[in-house]
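# Secondary and tertiary structure notes
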Amino acid sequence: MADTEEDLIKQGYKKYYGDELDIYFHPIKCTHAANCIKYLPSVFDVNNKPWIYPNGALREDGKRVVQNCPSDALRFIDKRTVH
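Residues numbered from 1 in each chain as written. Predicted model: local features only at pLDDT ≥ 70, side-chain atom pairs only at ≥ 80, totals over all residues. Heavy atoms only, no water.

Our next topic: the overall build of the protein chain. Across its full length, the protein chain carries three helices and three strands. Taken over the C-alpha trace, the protein chain has a radius of gyration of 12 Å; the compact-globule value for 83 residues is 12 Å, and the two agree within 12%. Each principal axis of the C-alpha atoms in the protein chain carries an extent, and together these give about 35 × 25 × 20 Å. Among the 83 residues that make up the protein chain, the fraction classed as buried is 36%. (Helix = DSSP H or I, 4+ residues; strand = E, 2+ residues; numbered from the N terminus. Rg over C-alpha atoms; globule rule 2.2 N^0.38 Å. Buried < 20%, exposed > 50% of the residue type's maximum accessible area, 1.4 Å probe, protein only.)

Mapping S71 onto the fold places it in the loop between α3 (59-67) and β3 (74-78). Using a relative accessible area of 16% as the deciding quantity, one classes S71 as buried. A distance of 3.3 Å separates a polar side-chain atom of S71 from the backbone oxygen of K29. The contact partners of S71, leaving out residues within four places of it in the chain, are K29, C30 and T31. (Polar contact = N/O pair within 3.5 Å; in protein donor to acceptor, adjacent residues only side chain to side chain. Contact = heavy atoms within 4.5 Å.)

The next point concerns the environment of D22. In this fold, D22 is placed in strand β2 (residues 21-25). Under the relative-accessibility criterion, D22 is labelled buried at 3%. A C-alpha to C-alpha distance of 6.6 Å links D22 and D78, two positions 56 residues apart in sequence. In this structure, D22 is in contact with K15, Y16, Y17, R75, F76, I77 and K79, ignoring residues within four places of it in sequence. Among the polar contacts made by the side chain of D22, one reaches the side chain of K79 at a distance of 3.2 Å.

Spelled out as structure tokens, the structure:
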């Protein structure tokens with residue numbers, strides 16, 4: 001079963017709002033592999049505030065990069081599949 005927004009917030013993830021995809025980040029879990037920044041800089045850019053901009057790429061591209069986070073510091077909720 002997928003995590004709910006409430007579950008992720010309770011676990012310490014911070015929410016970054018998008019139109020179709022919300023991305024959640026847990027700074028303590030992050031090992032700074034930088035895969036997110038390397039593979040999708042239009043969404044993940046440490047020089048911007050906020051540094052995660054879920055609307056910066058196609059929904060599927062954002063999901064792919066989040067799913068490949070080696071430390072599980074990134075999660076997402078796809079608003080198009082939530083009922």
